[in-house]
Amino acid sequence: MTITYVYGNNLYVNLTNRCPNACEFCLRTTGDKVGDSGSLWLEREPAKEEIWKELEGRDLSQYEQLVFCGFGEPTYRLDDIRWLCEKVQAVSSIFIRINTNGLSDLIHGRPTAPLFAGHFDMVSVSLNASTPEAYDALCHSKYGLEALPAILKFTKEVVRQVLHVRMTVVDTMPPEELEACRLLCEETGAAFEIRHYEENWQED
């Protein structure tokens, strides 16, 4: 069972396969691993202590970032991640990032942005579309048309809590959609980043 894996210069933590979305472009529809990770489908969700044991056994100084981003939406386990961040921060100055779909407020049924303060150096939010209808058509979220407004609200709030916040889109979007997403992102105060779409995420 793959709990942690290396991709590029970063160490990734795979702690859940749960996700409220079924995005058409998601890696889970085209493969089951990243680089040489082995399958990222979990037999069960590892306990936070089990994850810490793996992290504790690695030399964190050899990685640029510690990234909470596996084969699911990590904020389902936000409390456990915060506990892990505190453990890591007690022994290392590694840059900590979380990649999220931005739906943690809806997942937990309450505002969650304040919980990110002091735990993460960067929050990376997947934007994916510029309208609730387009987001629903592409991401098939269980939250339907509520999803995108909730993502934008969360991002605007987490910008006040974490120094580095970005919203990302993939470069397969048409230019007019990229521009519409950029304008939406600008309203939140987050940085905007266009990332290259990788279907298989295999290292050369």
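Residues numbered from 1 in each chain as written. Predicted model: local features only at pLDDT ≥ 70, side-chain atom pairs only at ≥ 80, totals over all residues. Heavy atoms only, no water.

Asker: Please provide a residue-by-residue account of the pattern of salt bridges, values included.
Answerer: One pass over the structure, following the stated rule, counts seven salt bridges. Between R166 and E193 there is a salt bridge; the shortest N-O distance is 3.2 Å. With R166 in strand β6 (residues 164-170) and E193 in strand β7 (residues 191-195), this residue pair connects regions lying 27 residues apart in the sequence. Residue E193 is classed as partly exposed on the basis of its relative accessible area, which comes to 32%. Measuring nitrogen to oxygen at the nearest pair gives 3.2 Å for the salt bridge that ties R182 to E186. In this pair, R182 and E186 are both assigned in helix α6 (residues 175-188), four residues apart and thus about one turn of the helix distant. (Salt bridge = Lys/Arg side-chain N within 4 Å of Asp/Glu carboxyl O. Helix = DSSP H or I, 4+ residues; strand = E, 2+ residues; numbered from the N terminus. Buried < 20%, exposed > 50% of the residue type's maximum accessible area, 1.4 Å probe, protein only.)

Asker: Quick one: what's the story with the state of the cysteines, residue by residue and with numbers?
Answerer: Applying the stated criterion across every chain yields a total of zero disulfides. Counting only cysteine sulfurs, C139 is the nearest neighbor of C23, a cysteine outside any disulfide, at a range of 3.4 Å. This cysteine, C181, is not joined by any disulfide, and C185 carries the nearest cysteine sulfur, 9.0 Å off. The exposure class assigned to C181 is buried, which follows from its relative accessible area of 0%. (Disulfide = S-S within 2.5 Å.)

Asker: Could you give an account of the packing of helix α5 (residues 147-158) against α6, with specific residues and numbers?
Answerer: Orientation of α5 relative to α6, taken along the N-to-C sense of each, is 45°, at an axis distance of 8 Å. Classified by the angle their axes make, α5 and α6 are oblique. Residue-level inspection shows L148, L152, T155 and K156 of α5 in contact with α6, the latter providing L184, E187 and T188. (Axes fitted to C-alpha atoms, helices over the stretch in contact; angles between N-to-C directions. Parallel < 35°, antiparallel > 145°, perpendicular 65-115°, else oblique. Contact = heavy atoms within 4.5 Å.)

Asker: So what about the pairing of strand β3 (residues 65-68)? Which residues, and what values?
Answerer: On β3, burial covers both faces: Q65 and V67 on one face and L66 and F68 on the other are all buried. Pairing of strand β2 (residues 10-13) with β3, which is carried by four bridges, proceeds in the parallel orientation. Looking at the pairing, L11 lines up with L66 of β3. Note that β3 and strand β4 (residues 95-100) share four bridges and pair parallel. (Pairing = 2+ DSSP bridges.)

Asker: Summarise the nonpolar core; cite the residues concerned and give the values.
Answerer: One finds L55, L66, F68, F116, F120 and V123 to be the most contacted residues of the largest nonpolar core, which totals 50 residues. Looking at which element gives the most residues to this core, the answer is α5, with seven residues. Setting aside its immediate chain neighbours within four residues, V123 contacts I98, T100, F116, F154, V158, V162, H164, V165 and R166. (Core = buried A, V, L, I, M, F, W, Y, C linked by side-chain atoms within 4.5 Å.)

Asker: Lay out the packing of aromatic side chains with the relevant residues and their values.
Answerer: Counted according to the given criterion, the structure contains four aromatic pairs. Taking the centre distance of 5.2 Å and the plane angle of 15° together, the rings of Y5 and Y12 count as stacked. There is no split in this pair, since Y5 and Y12 are both buried. When the ring of F116 is compared with that of F120, the centres are 5.3 Å apart and the planes differ by 40°; the resulting orientation is tilted. Taken as a pair, F116 and F120 share a single burial class, namely buried. Taken together, F116, F120 and F154 form an aromatic cluster joined through their ring pairs. (Phe/Tyr/Trp six-rings, centres within 6.5 Å; stacked < 30°, edge-to-face > 60°.)

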